[in-house]
Amino acid sequence: MSPIQGDADFNHPSYNEICTRLAGRDLLLEEIGEPLEVLLPFLQAGHIVMRPGLSKSGKGWLCHRCLESDPGLFAAFSCARCGQVCTYCRTCLEMGRIDTCGVLFSWNGRAPLPEGTASLQWQGELSPGQQKASNALCRAVADGTELLIWAVCGAGKTEILFRGIEDACLSRRRILLTTPRAEVVMELLPRIRAAFPGLIVKGLYGGSEERFGYADIHIATTHQTRRFRDAFDVVIIDEIDAFPFSYDPSLKQAVDKAAKSGAARIYLTATPSRLLKKQARDGKLPFIQIPRRYHGYPLPVPTLKWIGNWKKALKKDRIPPALLAWCEKKTSAGVPVFVFVSSVEQAETAARLLAEKWEGTIGVHAADPRRHEKIQLFRNKKAPILVTTTILERGVTIKGAEAAVLGAEESIFDEKALVQIAGRVGRSKDQPEGDVMYFHYGKTSAMLEAVRHIQTMNKQGSNAHGE
Amino acid sequence: MGSKRRCLYCMEPRQEQLSWHGLISRADDPVCPDCRALFTMLMSRDCRICGREKDEQSAPFFQDTRCGDCVAWGEKDIGRALDHNISLYRYDKAMQQWMARWKYRGDPALTAVFQKEWVQIWRRSYASWKVMALPAGPGRTQERGFNQAVLLADMLPGDRLNGLEKKDEPKKQSKSTKNQRESLFYQPFYMNNQEKIRFNGEKILLVDDIYTTGTTVRKAASVLRSAGAERVASFTLARSTGTLSRKEEKAQ
Ligand SMILES: [Zn+2]
Ligand SMILES: [Zn+2]
Ligand SMILES: [Zn+2]
Ligand SMILES: [Zn+2]
């Protein structure tokens with residue numbers, strides 16, 4: 001047996017390379033991209049540790065990569081690698097199958113050296129509400145505590161983060177910014193990069209290329225956080241209330257795993273869940289509220305409009321006249337139009353029908369493989385109307401866009417979704433207003449609550465403005 | 001937290017109330033009605049040999065009940081080595097996506113999605129045949145952790161037939177090796193001769209995932225025929241007709 005070498009006299013030409021590749025991660029051998037012989041001295045010296053991919057837990061299994069333990073999400077097969085019946089985790093299959101005979105490697109040596117320089121290049125000015133939140137964020141980062149930032153849609157969340165990110169990076173802390181949707185990752189990436197040209201910022205989402213290597217800031221979908229272990233000093237969770245984060249407990253565990261113990265945790269939301277609101281009110285969770293948009297204008301209040309049996313109309317290849325008239329008014333004024341629908345089928349039908357009148361109209365849905373490309377077309381004003389399922393209700397900002405919901409009474413449009421849809425409108429300083437139309441076949445309490453929610457925020461906002 | 005009953009494919013928890021869907025869907029279906037509806041079963045056997053559908057593209061080449069490809073195969077010895085092929089599903093977008101997860105991502109549990117139909121067809125028409133999984137190269141099987149043809153064959157009751165082996169493909173394929181591999185003269189299959197196996201008088205049902213041009217199964221069939229098999233048919237999950245995607249091509 002070879003002696004255990006101390007850190008001081010452990011000198012390996014690939015040390016830094018392997019350190020940056022592996023630190024804060026759980027990787028399969030295939031993902032490290034080095035043969036086992038190269039890793040062997042690191043393993044012997046204790047700089048790399050191995051753990052089994054899965055282990056028995058109670059009656060079922062525990063996946064050590066994604067922390068899944070629901071027995072319904074494991075399956076067994078007769079494994080040709082080990083010749084036994086192997087169990088594997090189906091929750092994190094996207095990242096490469098992890099079997100009972102598989103091994104996860106993680107880093108146990110010194111922390112990777114920061115490579116970037118944190119110097120904020122953003123020249124803008126924070127609104128009073130943003131400033132208050134930014135100060136609170138800096139404190140939470142410094143103290144390693146929790147903070148809920150409850151900011152109305154269009155409050156300018158990204159700018160609120162800048163100061164805290166700079167502070168963290170100056171004190172050599174690594175940051176994870178996580179959000180449920182790939183679209184939002186792609187939208188945040190260029191903005192954070194532009195603000196911090198000296199930092200290494202990586203984006204991780206299904207299909208992104210930047211999977212490995214060191215970054216000062218990782219912007220990742222919540223699913224992708226499963227790749228990390230004990231990696232981050234600051235974790236910022238965007239849209240904390242959104243599916244799938246509030247839906248899938250294993251994602252919360254994955255974020256916990258990615259954070260170092262004692263990491264600062266910042267939660268951002270425009271529509272906090274009941275539980276979060278209660279925790280905040282009871283003083284269990286420090287929070288700060290920004291009821292006003294950064295430009296100072298109130299949120300547009302939605303208009304409810306009855307359109308009769310629109311499903312029947314769609315079946316007969318007809319768009320309800322009220323929606324048509326509204327689209328006509330908007331598109332002729334050059335306004336980009338969002339039409340939200342509740343199903344993929346409706347998105348396809350409505351897009352086809354609207355395209356007959358407005359050439360270039362696009363339909364998009366969550367499972368659409370071309371959705372990123374389509375959103376880009378809409379952003380570049382190559383498409384007058386974007387018909388979409390609720391994937392775009394959050395995060396995506398299109399300048400000057402106005403929004404309609406076709407069939408706002410559908411159960412998928414709960415209060416949160418409807419508020420988020422209204423939040424797509426009037427986001428820019430030059431165009432702070434715009435229509436939010438809930439076209440419906442019967443009012444629901446969700447619609448009324450959404451209107452009330454917006455009115456309340458607006459009222460609080462105008463009070464806050466006078467302070 | 002207890003385990004919910006989930007759809008095997010989309011993994012969504014199953015709503016077990018008596019919804020309209022619930023009433024009309026199979027109670028024992030491992031996938032939800034939405035996922036079930038994604039796949040298209042092949043109903044008509046337009047080509048009696050390979051099961052190809054008669055569509056715009058293929059119709060002009062049909063001669064009676066044989067598609068253009070099968071007419072051409074009929075003129076070659078290796079072509080006649082295969083009695084016929086039967087495929088369950090159309091290899092459309094949905095099937096491609098399913099295969100991508102099953103085979104390339106490596107989710108062997110998904111095999112069970114088609115178990116019922118698969119076993120039904122076998123029971124109806126092939127219960128007296130000997131089942132053999134189309135072998136894969138040992139390297140490929142190691143890499144994946146399984147051979148997908150074995151997963152499919154293992155759903156069928158009874159014993160497997162062994163003895164056929166496949167060579168691994170060369171790692172990096174230049175154009176010429178690729179052409180060579182596709183040529184009818186390149187034979188990747190061979191009999192594991194140590195056991196001196198003969199298949200005299202046997203009817204062999206060769207199981208694989210996709211039937212595309214039928215070249216691979218015919219190469220295997222011709223080895224089996226030389227080893228004495230009387231008839232060889234192939235039983236495949238999907239019938240592909242269109243051009244293959246790059247990924248698919250690479251993996252073949
Ligand atoms: Zn897992
Ligand atoms: Zn194994
Ligand atoms: Zn399903
Ligand atoms: Zn044919």
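Described in the following lines is the structure provided in the data block. From a predicted model like this one, the values you see are computed outputs, not experimental measurements.

### So, the pattern of salt bridges
All names here are of chain A. Counted by the stated rule, this structure contains 34 salt bridges over all chains. The partner of lysine 330 in a salt bridge is aspartate 435, and the shortest N-O contact between them spans 3.3 Å. With lysine 330 in helix α10 (residues 321-332) and aspartate 435 in the loop between α13 (415-422) and β19 (436-440), this residue pair connects regions lying 105 residues apart in the sequence. A salt bridge links lysine 374 to aspartate 368, with the shortest nitrogen-to-oxygen separation between them at 2.6 Å. Per residue, the accessibility class of lysine 374 equals that of aspartate 368, and both read buried. What you see here is one network of salt bridges that share partners, running through Asp26, Arg51, Arg229 and Lys257.

### As for the interface of chain A and chain B
Facing 18 residues of chain A, the contacting portion of chain B comprises 21 residues. When chain A packs against chain B, the two sides together hide about 1,600 Å² of surface, and 48% of this comes from carbon and sulfur. Viewed at the interface, chain B and chain A are joined by three salt bridges. Here arginine 6 of chain B ties to aspartate 70 of chain A by a salt bridge, and the two come within 2.8 Å at their closest N and O atoms. Among the elements that line the side of chain A that touches chain B, the one with the most residues is strand β4 (residues 74-78) of chain A, at three residues.

### Remarks on the packing of helix α5 (residues 157-170) of chain A against helix α6 (residues 182-195) of chain A
Residues and elements named next belong to chain A. Direction vectors running N to C along α5 and α6 enclose 45°, while the axes themselves pass 11 Å from each other. By the angle class used here, α5 and α6 are oblique. Seen from above, α5 lies across α6 with right-handed handedness. Only Leu188, Arg191, Ile192 and Ala195 of α6 make contact with α5, whose side of the interface consists of Thr158, Glu159, Phe162 and Ile165. Looking at the contact of α5 with α6 residue by residue, the class counts come to five nonpolar, one polar and two charged.

### Topic: the coordination of the zinc ion (ligand 3)
Residues and elements named next belong to chain B. Within the protein, the zinc ion (ligand 3) binds to Cys7 (SG), Cys10 (SG), Cys32 (SG) and Cys35 (SG); these donor distances fall in the range 2.2 to 2.3 Å. Around the zinc ion (ligand 3), the four donor atoms sit at angles spanning 103 to 115°, and that spread fits a shape best called tetrahedral. Spacing between the donor residues of the zinc ion (ligand 3) along their common chain follows C-x2-C-x21-C-x2-C. In this pair, cysteine 10 sits in the segment before α1 (20-24) while cysteine 35 sits in helix α2 (residues 33-36), placing the two residues 25 residues apart along the sequence. Its relative accessible area of 32% is what places cysteine 10 among the partly exposed residues. Given a relative accessible area of 7%, cysteine 35 falls into the buried group.

### Focus: the pairing of strand β3 (residues 60-63) of chain A
Residue and element names in this part refer to chain A. Summarising the sheet, strand β2 (residues 54-57) and β3 pair through four bridges and their orientation is antiparallel. Within β3, the residue paired with lysine 56 across the bridge is tryptophan 61. The turn linking β2 back onto β3 is made up of two residues, and glycine 58 within it adopts a positive phi angle of 60°.

### Observations regarding the sheet that holds strand β17 (residues 385-388) of chain A
Residues and elements named next belong to chain A. Pairing within the open sheet is parallel, and its six strands lie in the order β14-β19-β18-β15-β17-β16. Edge positions in the open sheet fall to β14 (303-306) and β16 (362-364), since each of these has one partner strand only. Neighbour-to-neighbour, the strand axes of the sheet open up by a mean angle of 20°, direction not taken into account. In this sheet, β17 lies alongside β16 in parallel orientation, the contact comprising three bridges. Residue valine 364 lies in a different strand from β17, and its bridge partner there is threonine 388. Of the strands in this sheet, β15 (337-340), β18 (402-406) and β19 touch α13, which is tilted by about 140° from β19.

### Focus on helix α12 (residues 371-379) of chain A
Residue and element names in this part refer to chain A. Along α12, the positions that sit buried rather than exposed are Arg371, Lys374, Ile375 and Phe378. Buried residues in α12, looked at end-on, bunch into an arc of 100°, giving them a common side. Looking at the buried residues of α12, the elements they touch are α6, β15, β16 and β17.

### Some thoughts on the coordination of the zinc ion (ligand 1)
Residues and elements named next belong to chain A. The protein atoms donating to the zinc ion (ligand 1) are Cys63 (SG), Cys66 (SG), Cys89 (SG) and Cys92 (SG), with metal-donor distances spanning 2.3 Å. Considering all four donor atoms around the zinc ion (ligand 1), the spread of angles at the metal, 104 to 113°, places the coordination shape in the tetrahedral class. The sequence motif formed by the donor residues of the zinc ion (ligand 1) is C-x2-C-x22-C-x2-C. Here cysteine 66 is found in the loop between β3 and β4, whereas its partner cysteine 89 is found in strand β5 (residues 85-89), with 23 residues between them in sequence. Taken as a pair, cysteine 66 and cysteine 89 share a single burial class, namely buried.

How each quantity is defined
- Residues numbered from 1 in each chain as written.
- Chains lettered and ligands numbered in written order.
- Predicted model: local features only at pLDDT ≥ 70, side-chain atom pairs only at ≥ 80, totals over all residues.
- Heavy atoms only, no water.
- Salt bridge = Lys/Arg side-chain N within 4 Å of Asp/Glu carboxyl O.
- Helix = DSSP H or I, 4+ residues; strand = E, 2+ residues; numbered from the N terminus.
- Buried < 20%, exposed > 50% of the residue type's maximum accessible area, 1.4 Å probe, protein only.
- Contact = heavy atoms within 4.5 Å.
- Buried area = accessible area lost by both parts, 1.4 Å probe.
- Axes fitted to C-alpha atoms, helices over the stretch in contact; angles between N-to-C directions.
- Parallel < 35°, antiparallel > 145°, perpendicular 65-115°, else oblique.
- Left-handed = near helix turned anticlockwise from the far one by under 90°.
- Nonpolar A, V, L, I, M, F, W, Y, C, P; charged D, E, K, R; others polar.
- Donors = N, O, S within 2.8 Å, 3.2 Å for Na, K, Ca; no water.
- Tetrahedral: all angles 85-135°; square planar, octahedral: opposite > 155°, others 65-115°.
- Pairing = 2+ DSSP bridges.
- Arc of directions from axis to C-beta.

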